[in-house]
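What the coordinates show
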Amino acid sequence: MSSDQIFVGLEIGTTKICVVVAEGRSEDQISILGVGETPSRGIRKGEIVDMATAAECVREAILDAEEKTNVEIGNVWVAISGGHLRSLNNRGIHVLPHPRQIEQEDLDQVQTNAKEIAIPPQNIFLHTILQSYHLDGNRNVIDPLESEGMQLEADFHIVHGMKTRIHNTLRCVESLKLEIEDVVLGSLASAQVVVTQHQKDLGVLVIDIGGGTTDYLIYQDGAVRHSGVLALGGDHITNDISVGLKLPIARAEALKIQEGTSTDPTESHGGVITVKNDPGFLGCEIDRRSLETIIHCRVREIFELIRDDISRNAGDLLGLLGAGVVVTGGTARLPGIAETASDVLDQTVQITTARNVGGPLQTFENPQYSTAIGLTKYARLVTRDLRPVSLMDRISKGFGGLFGRRER
Amino acid sequence: MSADVSRRLIVGVGNAGVTVLDLLAMADPSLKGLLVVNNDPESLAGTVVRDRLTVPAGDPADGFLAIDEEFGKSVAGASFVVLCGGLGGETASFLLPALAIHAKSNGVTVAACVGMPFAFEGKNRTELAETALGKLHAVCDAVAVIANERLSGSSPSTAAVGEAFALADRTLLACSRTLHGMLSTSGPVRITRADLKTVLGAFGAKVLFGSGSASGSNRLHEALETALSSPLLIQQGKTTPGSALLGVKTVLLLLQGPSDLSFAEVQTAVSGIERIAGDRCQIKTGVLATLSAGTPLTLSIIASSGEGARISKAEISSSEILPEAIEPSPGTAIPGAAVAPPIRKTTKSSTGTERQPSPSKQTQGTLDLDTYQRGRFDKSEPTIVAGEDLDVPTFLRKGIKLSPPRRS
């Protein structure tokens, strides 16, 4: 089996660390060989707060994956998230001295020009994702290569984040003698497998609600228009339950998984939930309506924050989505979350897991694995040998290799 | 000239005053309008401040006459003067009020920032300091009193004597800088001189002061935390940061920092203080955001508490500010506990009506806010969006009541 056909996606999440090993197939397809995972320690809100512990957890997850798949893991693709990530759209302009055929160098130059923007000094670029080209006023040119023109412009969606925090994730992985192929924005990775190209063309909002962060990405006309990360997630729901109902965190987590729903408490059936005795913990009876109120408030607020952020940064894009909203990530398993999202975002909402991938059913049926699976799909798209000229390919090239930039 | 209109003068008097101005000059070499006055040629020789007035040794009254004219020249054209020094010593205790009277007679706004001696420095010194403080209050528009004894209460008993004095100097420095900053604020968000008078015009009230600076993306939260942890803002016998602010009527908040200080940050600061002081507290905010980007943000809080009596200037004749008029009460051996009782019990009706009910009674109902719960996120970096700390459970922030769990 040639090693370059194997892709390994590593997601260092707040709840769990997940390693997906997948095999590249024809037609951009991937087939999952196996998943290694371990519960996370030393990670808060998607960022490493205890390097040694986190590295140990990553090691366990990698070993688990190696054991299950019989693949020796050397190179990984790493997903990144965290509240420090910021995004913006910018247009690069490149004027040729005289009209001639557009060459690859010109495309590179226009991308470089687009990055001539002020980002905070402590930040570095994570992604420069192509939205569209304009050639001599001809808007939305899909591929200007070999066309004749003079003024080449291109819109990019740029994601940047704090250098030190991105490096911390990298150092954690490098300390395990793993080679990093590239780092990828978590929501961008998820989007590769939870939505289809057709949905991206129609316009879709992808929301990945994990344990510590909520990542979202909005596509319109096949290109990324806006992205964002909120340092809020399932952990906050658990914490709210713990604070509100005066339960230990572990009890609150179990209660959330077993009984939690995000339905509107005004439609609650009411009733009482009995929390059993435990050594060191006296059992109690909880009003179901209280639990629902706590969860509903938090979930609603998360969607409201996303809605407000999009309307502030991308205008009324939310109203123009042809394919609605897609929710994935571990917290997407919370019953009633789609109704709450639909209510806030005024869009049709689907809970989705990875699609168009082959392999053991239980892995891609779980929205928890979307990001890690998405990483392998992303890897497949970026590194495929055959390069048919398509928009997707151009976008793929737009994804910057962070390492290339670091060396420069 | 317009420069003259806003000319400010900071005068350091006595050994402590010289030390503080030295620190000030070193911290901000561009600061103009510094003047040191002392009778110790040695200390004057060692200072980095250019403008110095040497008072001849001997009777301070004679000494004052010797520098009277020169001081008049320095004051001329200034729009306000900040006097700072440590009370208790012969020089500062006489010179500070004398200089204040002189400056005041020139029609200049005068604010004083003085340190009260430690208890171990002797009763004689304490009495001298209180006498001088009474005079200062009668003359100055605002007097900020830093009680060294209360500062020392926060440091461990094994702390070196030098450290205790250094802490006192640093606090005095921060306080005079804050006063200076407050008097310099201009524009839409400013602290007026009337505000300063309301808070610092009352004699005998305990001055609560805290200051903190930080930079980086989380600068506001860090600065606020440092400021609230200042020993003068912690009620005696408690450990909660900012506990002394509970029930205070007016709080002056000054934000000094780079020009990229955002509206949301100002809002966060105000709501952070409001959370502690209760919503009946009036927060007067001043913003001086003119420094270059990258400089740390400094957040300072001044408030006063206790049974301060306001003295109107008309009620004080020159004879009343003589030493005999003030009878130190037996309880003043610890000057920090209360700087001094109100000067006279025969205060006129105007003071009677302004007296507030004791703070502890006023805020019984708001104690819950003090235990604002972030649960497991207590120690982690807060998620702040639009000035709201999103780690605090949503239902708490929205004030939704839950039925408590019943222990079985």
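All values derive from a computational prediction rather than experimental measurement.

So, the overall build of chain B
Secondary structure assignment for chain B yields 15 helices and 15 strands. Every one of the 408 residues in chain B was classed for burial, and the buried ones make up 45%. Taking contacts inside chain B between residues at least 6 apart in sequence as the whole, the part at least 24 apart equals 75%.

Quick notes on the overall build of chain A
Helix and strand counts for chain A stand at 13 helices and 19 strands. Across the 408 residues that make up chain A, the buried fraction comes to 50%. Restricting to contacts in chain A with at least 6 residues of sequence separation, those with at least 24 account for 69%.

So, helix H5 (residues 90-105) of chain B
All names here are of chain B. With 16 residues, H5 extends 23 Å from end C-alpha to end C-alpha; this agrees with the ideal 22 Å at 1.5 Å per step. Most of H5 is tucked away, with 12 of its 16 residues classed as buried. Taken as a whole, H5 has its buried residues at Thr 91, Ala 92, Ser 93, Phe 94, Leu 95, Leu 96, Pro 97, Ala 98, Leu 99, Ala 100, His 102 and Ala 103. Backbone geometry just downstream of H5 places Gly 107 in the positive-phi region, at approximately 80°.

Looking at the sheet that holds strand E15 (residues 406-407) of chain B
Strand order in the open sheet made by the 3 strands is E15(A)-E16(A)-E15(B), with antiparallel pairing throughout. Edge strands, defined here as strands with exactly one partner in the open sheet, are strand E15 (272-275) of chain A together with E15 of chain B. By the bridge criterion, 2 bridges tie strand E16 (residues 284-287) of chain A to E15 of chain B in an arrangement that is antiparallel. By the bridge assignment for E15 of chain B, Glu 285 of chain A is matched with Arg 406 of chain B.

Here's the deal with the nonpolar core
Residues and elements named next belong to chain A. Ranked by size, the top nonpolar core spans 112 residues in total, and within it Val 19, Val 20, Trp 77, Val 184 and Val 206 carry the most contacts. Looking at which element gives the most residues to this core, the answer is helix H8 (residues 288-314), with 10 residues. Discounting chain neighbours no more than four positions away, the residues touching Val 184 are Trp 77, Ala 79, Ile 80, Ala 189, Leu 375 and Tyr 378.

Concerning the interface of chain A and chain B
Taken together, the contacts link 27 residues of chain A with 20 residues of chain B. Ranked by the residues each element gives to the side of chain A that touches chain B, the list is headed by H8 of chain A, at 7 residues. Taken together, the residues that form the side of chain A that touches chain B break down as 11 nonpolar, 8 polar and 8 charged.

Notes on the sheet that holds strand E3 (residues 30-39) of chain A
Paired through their backbone hydrogen bonds, the strands of a sheet run either parallel or antiparallel. All names here are of chain A. The strand order across the open sheet built from 6 strands is E11-E6-E1-E2-E3-E19, with neighbouring strands paired in mixed fashion. A single partner strand is all that each edge strand has here, and the edge strands are strand E11 (179-185) and strand E19 (357-358). With 3 bridges connecting them, strand E1 (residues 6-12) and strand E6 (residues 75-80) associate as parallel partners. By the bridge assignment for E6, Glu 11 is matched with Ala 79.

Description of the packing of helix H6 (residues 234-245) of chain A against H8 of chain A
All names here are of chain A. The contact between H6 and H8 brings their axes to 9 Å, and the two run at 140°. In this view, H6 runs oblique relative to H8, as classed from their interaxial angle. Note that H6 runs across H8; the crossing there is right-handed. Taking contact as the criterion, the partners of His 236, Ile 237, Asp 240, Ile 241, Gly 244 and Leu 245 in H6 are, on H8, Ser 290, Leu 291, Ile 294, Ile 295 and Arg 298. Of the residues that constitute the contact of H6 with H8, the class distribution is 6 nonpolar, 3 polar and 2 charged.

Comments concerning the environment of Ala 25 of chain B
All names here are of chain B. With respect to the helices and strands, Ala 25 occurs in helix H2 (residues 14-27). Ala 25 sits in the partly exposed class, given 19 other C-beta atoms within 10 Å. Remark: the alpha-carbon pair of Ala 25 and Val 48, spanning 23 residues in sequence, is separated by 7.1 Å. For Ala 25, the contacting residues outside a window of four places in its chain are Leu 31, Leu 34, Val 48 and Val 49.

Here's the deal with unusual backbone geometry
Residue and element names in this part refer to chain A. The backbone of Asp 136 shows a phi angle near 50°, a positive value even though the residue is not glycine. With respect to the secondary-structure elements, Asp 136 resides in the loop between strand E8 (123-135) and strand E9 (138-141). According to the C-beta neighbour criterion, Asp 136 is partly exposed, with 14 such atoms within 10 Å. One non-glycine residue, Glu 146, lies in positive phi territory at about 75°. Tracing the backbone through its elements, the reader meets Glu 146 in the loop between E9 and strand E10 (148-162). Given 10 C-beta atoms within a 10 Å radius, Glu 146 is considered exposed.

Description of the environment of Glu 304 of chain A
Mapped onto the secondary structure, Glu 304 of chain A falls in helix H8. In this structure the C-alpha to C-alpha distance between Glu 304 of chain A and Asp 343 of chain A, which are 39 residues apart in sequence, comes to 10.0 Å.

Some remarks on the packing of H5 of chain B against helix H6 (residues 123-139) of chain B
Residues and elements named next belong to chain B. Between H5 and H6, the least distance of the axes is 9 Å, while the angle of their chain directions is 5°. Regarding the angle of H5 to H6, the classification is roughly parallel. Mapping the contact onto sequence places Ser 93, Leu 96, Pro 97, Ala 100, Ile 101 and Lys 104 in H5 and Leu 128, Ala 129, Ala 132, Lys 135, Leu 136 and Val 139 in H6. Looking at the contact of H5 with H6, its residues break down into 9 nonpolar, 1 polar and 2 charged.

Brief notes about the confidence of the model for chain A
Residues and elements named next belong to chain A. Averaged over all residues, the pLDDT of chain A is 87; the fraction at 70 or higher stands at 92%. At the level of individual helices and strands, chain A shows its lowest average pLDDT in helix H13 (residues 402-407), which scores 35, and its highest in strand E12 (residues 204-209), which scores 96. Considering only residues more than four positions removed or in separate chains, one finds that residues 385-408, a stretch of pLDDT under 50, has 29 contacts.

Points about H6 of chain B
For H6 of chain B, spanning 17 residues, the distance from its first C-alpha to its last is 25 Å, which sits close to the expected 24 Å at 1.5 Å a residue. Taking burial as the measure, the 17 residues of H6 of chain B include 14 buried ones, the bulk of the element.

Quick look at the pairing of strand E14 (residues 223-230) of chain A
Residues and elements named next belong to chain A. Counting buried positions over the 8 residues of E14 gives 8, a clear majority of the element. Bridge analysis of strand E13 (residues 214-220) against E14 gives 7 bridges, and the strand direction is antiparallel. By the bridge assignment for E14, Ile 218 is matched with His 226. Hairpin connection between E13 and E14: a loop of 2 residues separates the two successive antiparallel strands, and Asp 221 in this loop has a positive phi of roughly 55°.

Considering the environment of Pro 241 of chain B
All names here are of chain B. By the element assignment, Pro 241 lies in the loop between helix H10 (219-228) and strand E9 (250-258). Spatially, the C-alpha atom of Pro 241 lies 9.0 Å from that of Ile 276, the residues being 35 residues apart in sequence. If sequence neighbours within four positions are ignored, Pro 241 has contacts with Glu 225, Leu 228, Ser 229, Leu 233 and Ile 234.

Digging into the confidence of the model for chain B
All names here are of chain B. Confidence in the prediction of chain B, expressed as mean pLDDT, is 74, and 77% of residues score 70 or more. In the predicted structure, residues 1-5 sits below a pLDDT of 50 and forms 2 contacts with residues beyond four places in sequence or in another chain. Note on residues 308-371: pLDDT is under 50 here. Beyond four places in sequence and across chains, it has 87 contacts.

What counts and what doesn't
Residues numbered from 1 in each chain as written. Chains lettered and ligands numbered in written order. Predicted model: local features only at pLDDT ≥ 70, side-chain atom pairs only at ≥ 80, totals over all residues. Helix = DSSP H or I, 4+ residues; strand = E, 2+ residues; numbered from the N terminus. Buried ≥ 20, exposed ≤ 12 C-beta atoms within 10 Å, placed from the backbone. Contact = placed C-beta atoms within 7 Å. Expected span 1.5 Å × (residues − 1). Pairing = 2+ DSSP bridges. Core = buried A, V, L, I, M, F, W, Y, C linked by C-beta atoms within 7 Å. Nonpolar A, V, L, I, M, F, W, Y, C, P; charged D, E, K, R; others polar. Axes fitted to C-alpha atoms, helices over the stretch in contact; angles between N-to-C directions. Parallel < 35°, antiparallel > 145°, perpendicular 65-115°, else oblique. Left-handed = near helix turned anticlockwise from the far one by under 90°. pLDDT = per-residue confidence, 0-100.

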